[in-house]
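Descriptive structure summary
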Protein chains: 2
Amino acid sequence: MTFAEARAQFPVLERFAYLQAGSTGPLARQTIAAMRAEDERSLNEGRSGQGYFDRVLGLRVEVRDELAHLVGVEAEQVALTASTTDGCNLVLAGLELGPEDEIVTTTDEHFGLLGPLHTSGARVIVTSPDPKTIIAAVNKRTRLLALSHVLWTTGQMLPVHELREQTRVPILVDGAQSVGAIPVDARGLDFMTISGQKWLCGPESTGALIVADPTRLRVARPSYFSQETHEPDGAFEPWPGARRFDPGWLPTASLSGLLTAVRSRPEWCFTRSREMAENCRQMLRAAAVEVVSPQERATIVSWRSAEPAKVVAHLEEEGVMVREIPKTGLVRASIGWWTNEDDLERLINGLKS
Amino acid sequence: MTFAEARAQFPVLERFAYLQAGSTGPLARQTIAAMRAEDERSLNEGRSGQGYFDRVLGLRVEVRDELAHLVGVEAEQVALTASTTDGCNLVLAGLELGPEDEIVTTTDEHFGLLGPLHTSGARVIVTSPDPKTIIAAVNKRTRLLALSHVLWTTGQMLPVHELREQTRVPILVDGAQSVGAIPVDARGLDFMTISGQKWLCGPESTGALIVADPTRLRVARPSYFSQETHEPDGAFEPWPGARRFDPGWLPTASLSGLLTAVRSRPEWCFTRSREMAENCRQMLRAAAVEVVSPQERATIVSWRSAEPAKVVAHLEEEGVMVREIPKTGLVRASIGWWTNEDDLERLINGLKS
């Protein structure tokens, strides 16, 4: 697939410099076509019968396989969720921590992780997102490291495997800004979340939770999909593997759309998005913009602004979609493998105008 | 809206005697059209920008209002969920019960309720679905009645308001088989779940949880939608009202589709579905089928069968969609306001052939 072919999949790119995959990615024609085909089938043939349920269960198997493959784990280690928030809540509810326990996190996490951490009842230790500081915050009471693979604020990449190895503390990795944006190997991580609607360009309310050892996490939020058999009082035998954590039904159209989106990615996607993100940083620096450039960085590009909300609104008027990171004075652009030089020029011109 | 007009909304009814709304309802053309319009908009205009987010939040307000109106409560008492399972899990995780506490439920509940009950850690007391037996099972340790408004097995209706009043124990009502099927007044109930994809004929993975007093239930599963403000360690100020329990994003297409489905219901829907369910019971009895006829009954019609799986498969071949209730020897037909005499004749003929 050439770059021109790959880019042409996304009609929104004909209108906007769409730099918002860190919130919600662009949708490809074939993704929407796959969703529409499922919706038409449901309309005309109904959402019932043996064929229908076999099809739904088959799609769940395919999505699980595809996402497992994407991050290098076994399908038995993948639970299908509706979001990263979902995944974080599943882990924290399942770990059953108390006020004697500590969790180490960073100053730059999203509420989708922070909310579940707080709700767990454990003491939440917040450190700067510096590997040394994170390691120094670990002590005998630490039960979990909970942090992003790529920070949603600055695009900084954390060495999650090294942190796991050096601290020997179980780690929950928020993969919302890494999976689909950069190569990810989830092996060696205890828990990792995937968002379907961001860098994977999938339908809304899709995602996954990787659980390295499903037998060691309590099923805190059972659904019909969790149990192989159950008793009249609700006691149940969970299915083998991480499907026991599946929190519920996902629309057939969403499953099919996500599958199509993930399978439509060009082989060169990671190389290109990395290059384009670096180009973006250079162009911003050349335009005297105060870019944040962490030493280890991914495809999110942020810069400081005295009036971030105004900048975002002005850029939107100019057809450039970016976002503000609240309370930080940062504006953020998300650079994908579909981004071209023209998008970046529109961003720079918009900032100058 | 005449009956012919109302029925003509559902293409699946041209093919099948679709008697499966207790699992997943038929979809109307305008519901799918509304979903497609949202998907097309997302495809062409992207899923970002002020207009987009205003639109999404506006749709959430509209759906909340519509569902509140449907069951007679305030919009501030409605959380938007993805399922009844979701709602049950939210309640049980929030109540923080322990092994000294008891929950009274019935023999005829779905795992979507039973799983959360078991996981709560409380002792689950299972009684027959008889109001007297339920009341007799309540004691000083009972913290919750948790049961269906309409049993998914037999269509029996439980007097949930009377049970609440007589026991003075908080009640969680599984409304999956009542809301949309029969008139429902959720006032006076502590918690009630709504399923969007069943009797409301909405998109998959939609629903709601009614919480009479949102300040008295812990937010056990926070999402970005839960908090008005938050601290770096995740401590947060919840929004006023039940939106604090919203477990996450719902696809724009799903919100719009559900809204369309709920608004497309004819005024006479409850009268007609009740009549047709009674017709169905009479016709089955006339055909010497052993119908289950609870004294208080709704729009689910079940009958005993020596070989329920075989009967369901045979009926499907004959274009009649019903289901088996596992481990009960029951086959179940769900009768909606869209059901006509021809559907019922096809069912009877299928059973005879």
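Position numbers for residues start from 1 in each chain and track the written sequence from start to end. All chains are assigned letters beginning with A, and all ligands numbers beginning with 1, in the order in which they are written. Side-chain atom pairs in this predicted model are given and counted only at pLDDT of 80 or more, local residue features only at pLDDT of at least 70, and totals for whole chains, interfaces and linings cover all residues.

Observations concerning the environment of T153(B)
Residue and element names in this part refer to chain B.
- Secondary structure elements are defined from DSSP: runs of H or I of at least 4 residues count as helices, runs of E of at least 2 residues count as strands, and each element is numbered from the N terminus. Within the secondary structure layout, T153 lies in the loop between β5 (142-148) and α7 (160-167).
- In the structure, T153 is positioned 162 residues away from L315 in sequence and 19 Å away in space, judged by C-alpha atoms.
- For every residue pair, C-beta atoms are placed from the backbone, and the pair is scored as a contact if these atoms sit within 7 Å. When neighbours within four sequence positions are excluded, T153 is seen to be in contact with D108, S302, I325, T328 and L330.

Considering the interface of chain B and chain A
- The interface of chain B with chain A comprises 64 residues on the first partner and 64 residues on the second.
- Of all the secondary-structure elements, those providing two or more residues to the side of chain B that touches chain A are α2 (29-45), α4 (84-95), α5 (111-119), β4 (123-127) and β9 (227-230) of chain B.
- Ten residues, namely Ala, Val, Leu, Ile, Met, Phe, Trp, Tyr, Cys and Pro, are considered nonpolar, four, namely Asp, Glu, Lys and Arg, are considered charged, and the remaining ones, Gly among them, are considered polar. Considering only residue class, the side of chain B that touches chain A consists of 29 nonpolar, 25 polar and 10 charged.

Some thoughts on the confidence of the model for chain A
- Looking at chain A, pLDDT values average 98 and 100% of them are 70 or higher.
- Confidence metrics for the complex model read pTM 0.98 and ipTM 0.97. Across the chain, each position has a pLDDT score giving the predictor's confidence in that residue, from 0 to 100.

Re helix α8 (residues 252-263) of chain A
Residues and elements named next belong to chain A.
- For α8, with 12 residues, the first-to-last C-alpha span of 17 Å sits near the 16 Å given by 1.5 Å per residue.
- Every buried residue of α8 is listed here: T252, A253, S254, L255, S256, G257, L258, L259, T260, A261 and V262.
- The inward-facing, buried residues of α8 contact α2 (29-45) and α3 (50-71). Helix span, expected: 1.5 Å multiplied by one less than the number of residues in the helix. With C-beta atoms placed from the backbone, a residue is buried if 20 or more other C-beta atoms are within 10 Å of its own, exposed if 12 or fewer are, and partly exposed between those counts.

Let's talk about the sheet that holds strand β12 (residues 300-304) of chain B
Residue and element names in this part refer to chain B.
- At least two bridges found by DSSP between two strands are what make those strands a pair. Strand order in the open sheet made by the four strands is β11-β12-β15-β14, with antiparallel pairing throughout. The open sheet has two edge strands, β11 (291-292) and β14 (323-325), and neither has a second partner.
- Pairing of β12 with strand β15 (residues 330-334) involves five bridges; the strand directions are antiparallel. Opposite W303, over in β15, you have V331 as the bridge partner.
- Here helix α9 (residues 269-286) sits on the sheet in contact with β11, β12 and β15, set at roughly 15° to β12. Only C-alpha atoms enter the line fits that serve as axes; for helices the fit covers just the stretch in contact. Angles between N-to-C directions range over 0 to 180 degrees.

Focus: the relation of the copies chain B and chain A
- Alignment of copies: least-squares fit on C-alpha atoms of residues with pLDDT of at least 70 in both copies. Between the two copies, chain B and chain A, the superposition gives an RMSD of 0.0 Å; the rotation angle is 180° and the shift along the axis is 0.0 Å. Both copies of the chain, as the preceding transformation shows, are related through a two-fold rotation axis. Relative to the rotation axis, the C-alpha of R36(B) is the closest in chain B, positioned 3.6 Å from it.
- The overlap is high: 100% of the interface residues of chain B also sit at the interface in chain A, so the same surface is used on both sides.

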